[in-house]
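Close look at the chain arrangement
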Amino acid sequence: MTRTESYIAMMTALMTSLCASTASAQPGEELEKHRGAVELKLGAYQPSIDSEFGGNGPYTRFFGESSMLQVEGEWDLYLFEKFGHHGIALHAGFTRKSAPVQANSADIEGELPGQTTLRVIPLRASLLTRVDYFARRYHIPLVPTLKLGVDYYLWRIGDSGGDVSLADGTLGRGGKLGWHVSAGMNLLLDPLAASRAATMERKWGIANTYLFGEFLHTDVDGFGARGFDFSDNQWLFGLAVEF
């Protein structure tokens, strides 16, 4: 059996196990409703600071072409239920990248002692749709999500001593408004350990646990204002707990 065939067989077995309880669904039974969820996710982030410079701007010169690692937490509050749960979500993230100080003079070549650090704190508020009707009614373990909302990114450029950088009389810190849209797919884990899931719900009120992937498009340029552009297209992966 080839590696590809083994992978297909493994995924088939997993999906069969997850969907095994489908036959027990009762069309007349009342669907369970939830109050909200908490998510923790990770993903690569590379702001579009260099976009106005044709791709070779200050971000690339100072920090290189590699992405930053972004960590983000999210709290969801469900407001009503109709073929799924719908509500609002609040997000807060953090990412940073450091690099040696670059000489800014023709008389000095190479790197100088110390580090330059860019810190970004993405803050978001979203309208949320979690289409879990088929998971609750027919025990299909895949739950799509859609989110749309506004963003405010806090940013800061500092030196090794923790001081804010100063360039041409301007402090290297500020905030940028924007918006975002995202689409995700959640894999319900409860059928893999049904007894443990029931215990967690009874003891701690955790109704469902998901692994998920999410594509996030952000447009964070102050709606066309001058200054840094923190927009990006990202893939985020994480764990969601529903209560």
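To start, this report covers the structure provided alongside it.

Basis of the calculations
- Residues numbered from 1 in each chain as written.
- Predicted model: local features only at pLDDT ≥ 70, side-chain atom pairs only at ≥ 80, totals over all residues.
- Heavy atoms only, no water.
- Salt bridge = Lys/Arg side-chain N within 4 Å of Asp/Glu carboxyl O.
- Helix = DSSP H or I, 4+ residues; strand = E, 2+ residues; numbered from the N terminus.
- Buried < 20%, exposed > 50% of the residue type's maximum accessible area, 1.4 Å probe, protein only.
- Contact = heavy atoms within 4.5 Å.
- Core = buried A, V, L, I, M, F, W, Y, C linked by side-chain atoms within 4.5 Å.
- Patch = residues over 30% accessible without salt bridge, like charges linked within 9 Å, V, L, I, M, F, W, Y side chains within 5 Å.
- Areas by Shrake-Rupley, 256 points an atom, 1.4 Å probe, with all protein chains shown as cover.
- Pairing = 2+ DSSP bridges.
- Polar contact = N/O pair within 3.5 Å; in protein donor to acceptor, adjacent residues only side chain to side chain.

1. Describing the pattern of salt bridges
- Inspection of every chain in the model, using the stated rule, returns 14 salt bridges.
- Between Lys41 and Glu214 there is a salt bridge, and its shortest N-O distance comes to 3.0 Å. Of this pair, Lys41 sits in strand β1 (residues 36-45) while Glu214 sits in strand β9 (residues 208-219), placing them 173 residues apart in sequence. The same class applies to Lys41 as to Glu214, namely buried.
- Three or more residues joined by partner-sharing salt bridges are found here, namely Glu39, Lys41, Glu72, Glu74, Asp76, Arg124, Arg130, Lys147, Asp151, Glu214 and Glu242.

2. Quick notes on the environment of Gly36
- In this fold, Gly36 is placed in strand β1.
- Linking Gly36 and Asp76, residues 40 residues apart in sequence, is a C-alpha distance of 5.1 Å.
- For Gly36, the residues in contact, after removing those within four places along its chain, are Asp76, Leu77, Tyr78, Val241, Glu242 and Phe243.

3. Comments concerning unusual backbone geometry
- With a phi close to 60 degrees, His139 is a non-glycine residue in the positive phi region.
- Within the secondary structure, His139 is located in the loop between α3 (133-138) and β5 (142-158).
- Classification of His139 by relative accessible area gives partly exposed; the value is 27%.
- With phi around 55 degrees, Phe223 is a residue other than glycine that occupies positive phi space.

4. Description of the nonpolar core
- If you look at the biggest cluster of nonpolar residues, it comprises 13 residues, and the most contacted ones within it are Tyr45, Tyr59, Leu118, Val120, Tyr153 and Phe230.
- Where this core is concerned, the elements lending two or more residues are α2 (58-63), β4 (111-130) and β5.
- Setting aside residues up to four positions removed in sequence, Val120 forms contacts with Tyr45, Gly93, Phe94, Thr95, Tyr153, Leu154, Trp155 and Phe230.
- If you look at the next biggest cluster of nonpolar residues, it comprises six residues, including Val143, Leu188, Tyr210 and Phe212.

5. Examining a nonpolar patch on the surface
- Together, Phe94, Ile121, Leu123, Leu148, Tyr152, Leu154, Leu177, Trp179, Val181 and Phe223 give the surface a local cluster of nonpolar side chains, amounting to about 850 Å² of exposed area.
- Of note, Phe94 is situated in strand β3 (residues 85-102).
- Classification of Phe94 by relative accessible area gives partly exposed; the value is 37%.

6. Digging into the pairing of strand β8 (residues 173-188)
- When β5 meets β8, the two strands line up antiparallel, connected through 15 bridges. Across the sheet, residue Tyr153 finds its bridge partner in β8, namely Lys176.
- Where β8 lies against β9, 10 bridges are found, and the strand directions are antiparallel. Bridging across to β9, Gly184 finds its partner in Glu214.

7. Some thoughts on the side chain of Gln234
- Locating Gln234 in the fold gives a position in strand β10 (residues 232-242).
- With a relative accessible area of 1%, Gln234 lands in the buried category.
- Looking at Gln234, its side chain comes within polar contact range of the side chain of Gln70, at 3.2 Å.
- Not counting residues within four places of it along the chain, the set of residues in contact with Gln234 comprises Ala44, Tyr45, Gln70, Glu214, Phe215, Leu216 and Thr218.

8. Looking at the side chain of Lys41
- Taking the relative accessible area as the measure of exposure, Lys41 reaches 1% and is therefore buried.
- In this structure the side chain of Lys41 is engaged in a polar contact, spanning 2.6 Å, whose partner is the side chain of Glu74.
- If sequence neighbours within four positions are ignored, Lys41 has contacts with Gln70, Val71, Glu72, Glu74, His91, Lys147, Phe212, Glu214, Leu236, Phe237 and Gly238.

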